[in-house]
Amino acid sequence: MVGIDISDKSIKVAEVTEGDTPKLRAVGWAALPPGTLVQGFIQDVAQVAQNLKEAMSRASPVPIVGKRVAASIPEIQSFVSVVEVPMMSTREMDEAVQWAVQQHIPFDLSRVYLDWQPLSEAHEGKIHVLVGAAQREVADPLLAVLDELQLTTVGLELEAQSIVRSLLPLDAREVQGVLIVDLGAVSTNVIFFDQGSMRFTTSVPQGGDVLTSELAGATGLTLEEAAEQKALVGVSKQVAQQEIAGPLRAATKTLVDRVGQVSRDIVRQVGEGSVIQAILLAGGAANLSGIVEVFAEVFPGVPIQLGNPWTNLLPEGREGEAPLSTEEAAHFATALGLALRRPEYE
């Protein structure tokens, strides 16, 4: 299976062998020209198709040749929530789900693809269902890109679903209270996984690029210089170069404070006694040195660590055999999760 993760700035692809013991075959990456994809909306189908072909052909250690693909819908243009509806026939539940989500969903229902799945057995005549929605204006051009390369689209997934599959065990029925924070270049996705399922997601329209811009503004560095210093110095209070780490830390704290605010909102909406018991960080900006310290300030007492994208690809204790470091693999968490998609999802 080939997983395809297309963001505003790049395309990341991963190919995983199918079967009982999936193994990583190859990963690839290609930059997207500015303006090719904006806030999740593809502006130029032909250009994206060309860059996707490049990412697959230049993959390492071997080119990606698989034709069965799964691709992600950007979190910023999708919606996931758990709603409670009366237990009834499937057709009636379709109508009940649409009625239940229309007061929460930020899109016009006539312009989205909507899907749902039950999360629990009926209780007192009601049932909890997980609802996902994606704008047609986002999904249709993505399908056109895949069709142009004559790929067989097994499915489109909300980005959050793929990240969860990458970082949490495939059998996650006992997992409770995990907050996954996917720190991308343009946006930060926040996912709350509880009681064995994804309960809610949201997106903060800020990411690593904002940190670079804030550092450049505070120091007079160019954006290129700021990006380099951000990667070299980080945000720890222990480093000597506090003229870099200080303003970068302040910008990071503002972003993490925003994550903390939306996380509290999520837990409040989910209710049912849910609490954040652990935090996993993913995405390229999660590699920022010292960022765990900043999260620890905002989430005191909560265990925080970099998510491990090899969770379902390498047995415990054999992470040293990974073709990429955990830090490098953080960039590919979504693509790896897509490539791990099982046949029962088709």
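All values reported here derive from a predicted model rather than from experimental measurement. (Residues numbered from 1 in each chain as written. Predicted model: local features only at pLDDT ≥ 70, side-chain atom pairs only at ≥ 80, totals over all residues. Heavy atoms only, no water.)

Over the atoms, a rolling probe the size of a water molecule traces out where space has been left empty. According to the stated counting rule, one finds one cavity of 30 Å³ or more in the structure shown. Roughly 60 Å³ of volume is contained in the largest cavity. Taken together, the residues that form the lining of the largest cavity break down as six nonpolar, two polar and no charged. (1 Å grid on protein atoms, 1.4 Å probe; cavity = no way out; pocket = protein on both sides within 12 Å on 5 of 7 lines; lining within 4 Å. Points joined across faces, edges and corners; volume = space filled by probe spheres on them. Nonpolar A, V, L, I, M, F, W, Y, C, P; charged D, E, K, R; others polar.)

Turning our attention to a negative patch on the surface. Among the surface-exposed residues, E92, D94, E95 and D115 lie close enough to one another that they form a single negatively charged patch. With three residues, the single largest contributor to the negative patch is helix α2 (residues 90-101). Within the element layout of this structure, D94 appears in helix α2. For D94, a relative accessible area of 33% translates into the label partly exposed. (Patch = residues over 30% accessible without salt bridge, like charges linked within 9 Å, V, L, I, M, F, W, Y side chains within 5 Å. Areas by Shrake-Rupley, 256 points an atom, 1.4 Å probe, with all protein chains shown as cover. Salt bridge = Lys/Arg side-chain N within 4 Å of Asp/Glu carboxyl O. Lys, Arg positive; Asp, Glu negative; His and termini not counted. Charge placed at Lys NZ, Arg CZ, Asp CG, Glu CD. Helix = DSSP H or I, 4+ residues; strand = E, 2+ residues; numbered from the N terminus. Buried < 20%, exposed > 50% of the residue type's maximum accessible area, 1.4 Å probe, protein only.)

Once that is clear, we can look at the sheet that holds strand β2 (residues 10-16). Pairing in this open sheet of five strands is mixed, and the strands run β3-β2-β1-β6-β10 from one edge to the other. At either end of the open sheet lies a strand with only one pairing partner, and these are β3 (24-31) and β10 (152-158). Between one strand axis and the next, the sheet turns through 20 degrees on average, direction left out of account. Bridge analysis of strand β6 (residues 68-73) against β10 gives six bridges, and the strand direction is parallel. Within β10, the position partnered with I73 by the bridge is L158. (Pairing = 2+ DSSP bridges. Axes fitted to C-alpha atoms, helices over the stretch in contact; angles between N-to-C directions.)

All right, on to the packing of helix α7 (residues 242-270) against helix α8 (residues 291-298) then. The geometry of α7 relative to α8 is characterised by a closest axis approach of 9 Å and an angle of 45 degrees between their N-to-C directions. Regarding the angle of α7 to α8, the classification is oblique. In this structure, α7 meets α8 at a crossing whose hand is right-handed. Counted together, R249, T252, K253, V256, D257, V259 and G260 of α7 and I291, E293, V294, F295, E297 and V298 of α8 form the full contact between these two elements. Grouping the amino acids of the contact of α7 with α8 by side-chain chemistry returns six nonpolar, two polar and five charged. (Parallel < 35°, antiparallel > 145°, perpendicular 65-115°, else oblique. Left-handed = near helix turned anticlockwise from the far one by under 90°. Contact = heavy atoms within 4.5 Å.)

So, on to the nonpolar core. Judged by nonpolar contacts, the single largest core of 46 residues is most densely connected at I4, I11, L52 and I180. Leave out the neighbours within four places in its chain, and I180 touches I163, V164, L167, L168, N189, V190, I191 and L280. L183, V235, V262 and I266 belong to the second largest nonpolar core, which has 37 residues in total. (Core = buried A, V, L, I, M, F, W, Y, C linked by side-chain atoms within 4.5 Å.)

Another point: the pattern of salt bridges. If the charged atoms of two oppositely charged side chains come close together, the side chains can form a pair. Going through the model one piece at a time under the given rule, you end up with 13 salt bridges. Put simply, R341 and E157 hold a salt bridge, and the shortest N to O gap is 2.8 Å. Linking R341 in the segment after α10 (333-339) with E157 in strand β10, this pair joins segments that are 184 residues apart in sequence. On the accessibility criterion, E157 (3% relative accessible area) is buried. Residue E297 is joined to K237 by a salt bridge in which the shortest nitrogen-to-oxygen separation is 3.8 Å. Note that E297 is positioned in helix α8 and K237 in the loop between α6 (223-233) and α7, a separation of 60 residues in sequence. Judged by relative accessible area, E297 falls into the partly exposed class, the value being 38%. By relative accessible area, K237 is classed as exposed at 52%.

Turning our eyes to something else, we now look at the environment of A322. As for its position among the elements, A322 is in the loop between β15 (304-306) and α9 (326-329). Under the relative-accessibility criterion, A322 is labelled buried at 16%. Considered as a pair, A322 and L24 are 298 residues apart in the sequence and their alpha carbons are 8.8 Å apart. Each residue touching A322, except ones within four places of it in the same chain, is listed here: W310 and L314.

With that out of the way, let us pick up the packing of aromatic side chains. Evaluated as defined, the whole model comprises one aromatic pair. Relative to F299, the ring of F295 lies with its centre 6.2 Å away and its plane at 15 degrees, an arrangement referred to as stacked. For the pair shown, F295 and F299 are each scored as buried. (Phe/Tyr/Trp six-rings, centres within 6.5 Å; stacked < 30°, edge-to-face > 60°.)

This next bit is on unusual backbone geometry. A cis amide bond, omega 5 degrees, links S60 with the succeeding residue P61. By the element assignment, P61 lies in the loop between α1 (45-57) and β6.

Here we come to the side chain of K230. Here K230 shows up in helix α6. In this structure, K230 is buried with no salt-bridge partner, the nearest side chain bearing the opposite charge being D209 at 5.5 Å. One polar contact links K230 to T212, side chain to side chain, over a distance of 2.8 Å. In this view, K230 contacts G208, L211, T212, L215, L248 and L288; residues no more than four positions away in its chain are not counted. (Polar contact = N/O pair within 3.5 Å; in protein donor to acceptor, adjacent residues only side chain to side chain.)

It is worth stressing that arrangement in space is one thing and function is another; only the former is reported here.
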